[in-house]
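These are the residues of each chain, in order.
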Amino acid sequence: MDKAGQIFSLDLLLAMSIFIVILGVIIIAAYTMSGAYTPYSLPNSEANEIYLTNNVNEAINLLAQSYGNPTDWQMVSCSKILSLGLLNSSTGLLSMQKLYNLTTLPVGCLSNLIRGGDYFNITAYYLNYTPLEINGRYISVGFPPPKSSSVVSVSRFLVENGGQIVRLTLSEWI
């Protein structure tokens, strides 16, 4: 028998490597054309952080800079609350009663109103980081932030009737 009908290991390796390169190029081209990847798109973690930051800023600004809708939202059922706000409608300062009532709202209701899902926490502290306590209850609602996840936290400072400054912090994560 002559060697023309035999396959050599080198020929087989060369053919396999060409096949793998061509297959890889086809897979990358299909992935790029499918829209799953564009050179202008952000990686998921960065897009998530931008979304969270925007959501947290919008929610905490509404809490810290409005009276809520209706202004006596703490007196009505959750289904009638359109938005939450912590300012006292007569003084424009932080209403400690509204702040306390955040802790009495059902977590699901609060979550819907601030669009936080199951991944949010609202806490209130004095400037020296002493937790704010009203009627024997610390002002902390939502869920404890995880240690391993990327957490976005935004604080706003509000003045209460007594002149003390309260740090209100809203944290969210995915």
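The structure presented is a predicted model; accordingly, all values stated were derived computationally and were not measured.

Draft legend 1. Fine view of the pairing of strand S7 (residues 151-159). In the sheet, S7 pairs with strand S8 (residues 165-173) via 9 bridges, with the strands oriented antiparallel. Each bridged residue has a counterpart across the sheet, and for Val152 the counterpart in S8 is Glu172. Between the antiparallel neighbours S7 and S8 lie 5 residues, among them Gly163 with a positive phi of about 95 degrees.

Draft legend 2. Structural context of the state of the cysteines. On inspection of all chains with the given rule, the structure shows 1 disulfide. Two residues share a disulfide in this structure: Cys78 and Cys109, whose sulfurs sit 1.7 Å from each other. As the torsion about the S-S bond is roughly 100 degrees, the Cys78-Cys109 disulfide counts as right-handed. Residue Cys78 is located in the loop between strand S1 (68-69) and strand S2 (83-84), and its partner Cys109 is located in helix H4 (residues 107-114); the two are separated by 31 residues in the primary sequence. The class of Cys78 is partly exposed, set by a relative accessible area of 30%.

Draft legend 3. Region of interest: the nonpolar core. With 32 residues, the main nonpolar core has Leu84, Leu99, Leu102, Leu110, Ile122 and Leu168 as its most contacted residues. Among the elements that line this core, the one with the most residues is helix H2 (residues 44-65), at 6 residues. Leave out the neighbours within four places in its chain, and Leu110 touches Leu84, Leu102, Leu105, Phe120, Ile122 and Val141.

Draft legend 4. Geometry of the pattern of salt bridges. Scanning all chains against the criterion turns up 1 salt bridge. A salt bridge links Glu58 to Arg115; the shortest N-O distance between them is 2.4 Å. Residue Glu58 is located in helix H2, and its partner Arg115 is located in the loop between H4 and strand S3 (120-126); the two are separated by 57 residues in the primary sequence.

Draft legend 5. Focus on the sheet that holds S3. Strand order in the open sheet formed by 4 strands is S6-S3-S8-S7, and the pairing between neighbours is antiparallel. On the outer flanks of this sheet lie strand S6 (140-142) and S7, each paired with one strand and no other. Mean inter-strand twist for the sheet, computed between neighbouring axes without regard to direction, equals 15 degrees. The sheet contact formed by S3 and S6 spans 3 bridges and is antiparallel. If you follow Asn121 over to S6, its bridge partner there is Gly142.

Draft legend 6. Up close: H4. Taken residue by residue, H4 has Cys109, Leu110, Ser111 and Ile114 as its buried positions. Just past H4, the residue Arg115 takes up positive phi, approximately 55 degrees.

Draft legend 7. Focus on a nonpolar patch on the surface. A surface patch of nonpolar side chains, amounting to about 380 Å² of accessible area, comprises Leu14, Ile18, Ile22 and Ile26. For Ile22, the location among the structural elements is in helix H1 (residues 9-33). For Ile22, a relative accessible area of 48% puts it in the partly exposed group.

The rules behind the values
- Residues numbered from 1 in each chain as written.
- Predicted model: local features only at pLDDT ≥ 70, side-chain atom pairs only at ≥ 80, totals over all residues.
- Heavy atoms only, no water.
- Pairing = 2+ DSSP bridges.
- Helix = DSSP H or I, 4+ residues; strand = E, 2+ residues; numbered from the N terminus.
- Disulfide = S-S within 2.5 Å.
- Buried < 20%, exposed > 50% of the residue type's maximum accessible area, 1.4 Å probe, protein only.
- Core = buried A, V, L, I, M, F, W, Y, C linked by side-chain atoms within 4.5 Å.
- Contact = heavy atoms within 4.5 Å.
- Salt bridge = Lys/Arg side-chain N within 4 Å of Asp/Glu carboxyl O.
- Axes fitted to C-alpha atoms, helices over the stretch in contact; angles between N-to-C directions.
- Patch = residues over 30% accessible without salt bridge, like charges linked within 9 Å, V, L, I, M, F, W, Y side chains within 5 Å.
- Areas by Shrake-Rupley, 256 points an atom, 1.4 Å probe, with all protein chains shown as cover.

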